[in-house]
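Architecture at a glance
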Amino acid sequence: MSETGGESSKTTIYRADWVLPITEPPIADGAVAVRGDTIERVGTYDDVSRALPEAETVAFHHTILLPGFVNCHSHVEYAVFRGILDNRNFSPWILDFIELKKGLQLDDYRASSRLGVAECISSGITTLGESMYSGTSLDVLNDAGLRGRVYQEVFGMDDERLDDTLREYADLLDELEERAGKLLEVGIFPHATYTVSPKLYQALGELAAERGMKIATHLAESGAESKYIKSGTGMLALDLREKVGWDSISHEPFGVSPVKYLQQWGVFSPDMLAVHCVRVSTKDVAILAKYDVAVAHCPKSNAKLACGIAPLPAFMEAGLRVGLGTDSPASSNIMDMFGEMRTAIFLHRGVNRDADVLSTEDCVRMATIGGARALSMEDQVGSLEPGKQADIIAVDMEHSHMTPINDPYAALVYGANQEDVFFTMVAGRPLYERKVLKTLDFEKINAEALAVKEKLQG
Ligand SMILES: [Zn+2]
């Protein structure tokens, strides 16, 4: 391929012991050639270097190269909440969380978002399906150079305010779309079945279709949610409504599952990402499959909050698009996709008493191309293929916990952790090199986040 001159047309070849294209088998002594923001070629080092003799080579030793992780569901702005609400069931957790959030100002959220984003980059996450509450994570992601879709959360049970809520929300989406840089997209996020009224869900479904925007929601996460939808009782019907001032608004028991409930409000389509889906029946899975709804599987958060284990094998059998999500540091503490892969494989093999239920390759696929498909971004990211965006990470396999390597997928899932990532590139731009953040000042970020944490703990 000929060079046409100029900085962006320079090709660099990244060479590693293993290259995992994900959509093709692993390549020993492999290479990925990058030009500008795009992957130009993938193959054995011999083939790539022969095809591109002019290109400069960066050789990584004892390394696995793979596409950056796609974290389908995150809340980076809650990084400072880590470790504060550690040992609670879901309902008391969310009530305490709502209370704690009252103590934070916009600048505090910004500091928290920076800590979260720094953690994502240094653990090899290159694309986020971020749920945003405060409005700060979009700017922080922009500044740091990460890719993703930022879904703006929306809440509302009071239908008398419906028109105002929708008008304000549409204005906010306009403003966010203006602020989003070229690596970010804006999406719609009705928070959950117990915080959004049926009418608001319907209106948001219509808004998403009108604007051609993707939509996501927390769905069927806890037993408390199922109880609230089915019988109109429990902590989400009483304590939560009282806490947020909705206790004077009447609500009815709907007598169905959360999935069946949401199906009625016209929000299910291939553009919908349903987060969690723990409390789902075989019939619910069939409904999700019928509308081609994608699922964000968050095994650590669901287990830690004692919500349960989502039926991932049933999702896979039904052909659902499934990605992995770390959820919020307020629930799962760390945004580490290795931890999510490991938790997923152990939980599902353990409860199913079957090692064939989930392979290590399935886990790495879910953390990369699976997540990209769930977010409908598979034409850009999720695998190393010519023409796709150069979102690439390097994992150090020199440590004893990774040695010797027979199977790179198994090494990543069973052995590696976020500390083993030493290089993260998004759109051809290195954001993390030799374990140093290139677009963020970690010392400063950490100090600011610690100050917010102290304030939170009073
Ligand atoms: Zn969430």
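Residues numbered from 1 in each chain as written. Predicted model: local features only at pLDDT ≥ 70, side-chain atom pairs only at ≥ 80, totals over all residues.

Comments concerning the pairing of strand E6 (residues 69–74)
If a strand is regular, its side chains alternate between the two faces of the sheet. Across the 6 residues that make up E6, a large majority, 6, are buried. As paired strands, E6 and strand E7 (residues 125–132) are joined by 4 bridges and run parallel to one another. In the strand pairing of E7, Asn 71 is matched with Leu 128. (Buried ≥ 20, exposed ≤ 12 C-beta atoms within 10 Å, placed from the backbone. Helix = DSSP H or I, 4+ residues; strand = E, 2+ residues; numbered from the N terminus. Pairing = 2+ DSSP bridges.)

Notes on the domain arrangement of the protein
Looking at the assigned domains, one finds that the protein contains domain 1 (7–68 + 381–440) and domain 2 (69–374). The distance between the C-alpha centroids of domain 1 and domain 2 comes to 30 Å. Each side of the interface is counted separately: domain 1 has 29 residues, and domain 2 has 32 residues. Contributing elements (two or more residues each) for the side of domain 1 that touches domain 2: strand E5 (63–67), helix H16 (408–415), strand E15 (421–426) and strand E16 (429–433). Top contributing element to the side of domain 1 that touches domain 2 by residue count: H16, with 5 residues. Looking at the side of domain 1 that touches domain 2 residue by residue, the class counts come to 19 nonpolar, 8 polar and 2 charged. (Domains from an automatic or database assignment. Contact = placed C-beta atoms within 7 Å. Nonpolar A, V, L, I, M, F, W, Y, C, P; charged D, E, K, R; others polar.)

Points about unusual backbone geometry
Of all residues except glycine, most have a negative phi; of all peptide bonds, most are trans. In this structure, Asp 29 is a non-glycine residue whose phi angle is positive, near 45 degrees. Position of Asp 29 relative to the elements: it lies in strand E2 (residues 27–35). Of the residues examined, Asp 29 has 12 C-beta atoms within 10 Å and is grouped as exposed.

Focus: the nonpolar core
As a rule of thumb, soluble globular proteins bury nonpolar side chains together. Val 19, Val 32, Leu 65, Val 117, Leu 273, Val 295 and Met 341 are the most contacted members of the largest nonpolar core, which has 142 residues in total. The greatest single-element share of this core, amounting to 7 residues, is contributed by helix H15 (residues 360–374). Excluding its chain neighbours within four sequence positions, the residues that come into contact with Val 19 are Ile 27, Gly 30, Ala 31, Val 32, Val 42, Leu 65 and Leu 384. (Core = buried A, V, L, I, M, F, W, Y, C linked by C-beta atoms within 7 Å.)

A closer look at the environment of Val 76
When you line up the elements, Val 76 lands in the loop between E6 and helix H2 (90–101). Judged by the 33 C-beta atoms lying within 10 Å of it, Val 76 falls in the buried class. With 262 residues separating them along the chain, Val 76 and Phe 338 place their C-alpha atoms 17 Å apart.

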